[in-house]
Amino acid sequence: MKTDDTTVNGVRIGGAEAAEERSTRSIDLPSGAHAQVRKGYGRDLMRAQRAAVGGDASAVIFALIAEVARVDGCKIVYEDVLEMDLADVMALQAEVIDENFDRPPQRASQVSSNSDSQSRN
């Protein structure tokens, strides 16, 4: 059996790292630390929800950061995120949200060609 085929509780182990490495973005944090943020999956959200006791939405985001980010090459846990500088947390939060949540397309602004809508001063 190849390591690519091995799963624990439905989560594939071995071989998944190469795919995750391809979908990883790197950012420099305001503190000077270097972070890698990978694309998230449903299993990451499930783990984050389990880690965030009480279901607080902010706690889930912090736990999700811990699931999908590495700082200076090291895995981090929820408590690490709680102890980070606010600027670093905000940068990681923005990166995690931008990577994992699609935004609705912006509507093109309509140019008003009606002369009645223009101000006459």
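I will try to describe carefully the structure that is included in this document.

The rules we used
- Residues numbered from 1 in each chain as written.
- Predicted model: local features only at pLDDT ≥ 70, side-chain atom pairs only at ≥ 80, totals over all residues.
- Heavy atoms only, no water.
- Helix = DSSP H or I, 4+ residues; strand = E, 2+ residues; numbered from the N terminus.
- Expected span 1.5 Å × (residues − 1).
- Buried < 20%, exposed > 50% of the residue type's maximum accessible area, 1.4 Å probe, protein only.
- Pairing = 2+ DSSP bridges.
- Contact = heavy atoms within 4.5 Å.
- Axes fitted to C-alpha atoms, helices over the stretch in contact; angles between N-to-C directions.
- Core = buried A, V, L, I, M, F, W, Y, C linked by side-chain atoms within 4.5 Å.
- Salt bridge = Lys/Arg side-chain N within 4 Å of Asp/Glu carboxyl O.
- Parallel < 35°, antiparallel > 145°, perpendicular 65-115°, else oblique.
- Left-handed = near helix turned anticlockwise from the far one by under 90°.
- Nonpolar A, V, L, I, M, F, W, Y, C, P; charged D, E, K, R; others polar.

### Regarding helix α3 (residues 57–68)
Okay, so step 1: A rise of 1.5 Å per residue sets the reference length of α3, with its 12 residues, at 16 Å; its end C-alpha atoms lie 17 Å apart and thus fit the reference within 8%.
Okay, so step 2: Listing the buried residues of α3 in full gives A59, V60, I61, F62, A63, L64, I65, A66 and V68.

### Examining the sheet that holds strand β6 (residues 74–75)
Okay, so step 1: In space, the four strands of this open sheet follow the order β3-β4-β5-β6, with antiparallel pairing throughout. The open sheet is flanked by β3 (24–28) and β6, the only strands paired with a single partner.
Okay, so step 2: Where α3 meets the sheet, its contacts fall on β4 (34–38) and β5 (69–71), and the angle it forms with β5 comes to roughly 70°.

### Comments concerning the environment of V96
Okay, so step 1: Counting through the fold element by element, V96 comes out in helix α5 (residues 86–100).
Okay, so step 2: According to the relative accessible area criterion, V96 is buried, its value standing at 1%.
Okay, so step 3: Linking V96 and A69, residues 27 residues apart in sequence, is a C-alpha distance of 8.3 Å.

### Some details on the nonpolar core
One recurring pattern in soluble globular proteins is that nonpolar side chains are buried together.
Okay, so step 1: Ranked by internal contacts, the top residues of the largest apolar core, which has 24 residues, are L29, I65, V71, I76, V81 and L92.
Okay, so step 2: Elements with a contribution of two residues or more to this core: β4, α3, β5 and α5.
Okay, so step 3: If you tally residues by element for this core, the top one is α3, at nine residues.
Okay, so step 4: What L92 contacts, discounting residues up to four positions off in sequence, is I27, L29, A35, V37, I65, A69 and M84.

### Observations concerning the pattern of salt bridges
Okay, so step 1: Scanning all chains against the criterion turns up four salt bridges.
Okay, so step 2: Across the salt bridge formed by D44 and R38, the nearest N and O atoms sit 2.8 Å from each other. This pair shows no difference in class: D44 is buried, exactly as R38 is.
Okay, so step 3: Across the pair R47 and E67 runs a salt bridge whose closest N-O atoms are separated by 3.6 Å. Of this pair, R47 sits in helix α2 (residues 42–51) while E67 sits in helix α3, placing them 20 residues apart in sequence.
Okay, so step 4: Overall, R47 belongs to the partly exposed group, its relative accessible area being 31%.

### Things to note about the environment of K75
Okay, so step 1: Structurally, the position occupied by K75 is in strand β6.
Okay, so step 2: Judged by relative accessible area, which is 65%, K75 ranks as exposed.
Okay, so step 3: Distance in space between the C-alpha atoms of K75 and A35 is 10.0 Å, their sequence separation being 40 residues.
Okay, so step 4: In this structure, K75 is in contact with R70 and D80, ignoring residues within four places of it in sequence.

### What to know about the packing of α2 against α3
To describe two helices that pack against each other, one gives the angle between their axes and the distance between the axes.
Okay, so step 1: Contact pair α2 / α3: the axes reach a minimum separation of 8 Å and the direction vectors enclose 130°. Compared by their axis directions, α2 and α3 come out oblique. Handedness of the α2/α3 crossing: right-handed. Across from D44, L45, R47, A48, Q49 and A51 in α2, the residues of α3 making contact are V60, A63, L64, E67 and V68.
Okay, so step 2: Residues belonging to the contact of α2 with α3 are distributed by class as follows: seven nonpolar, one polar and three charged.

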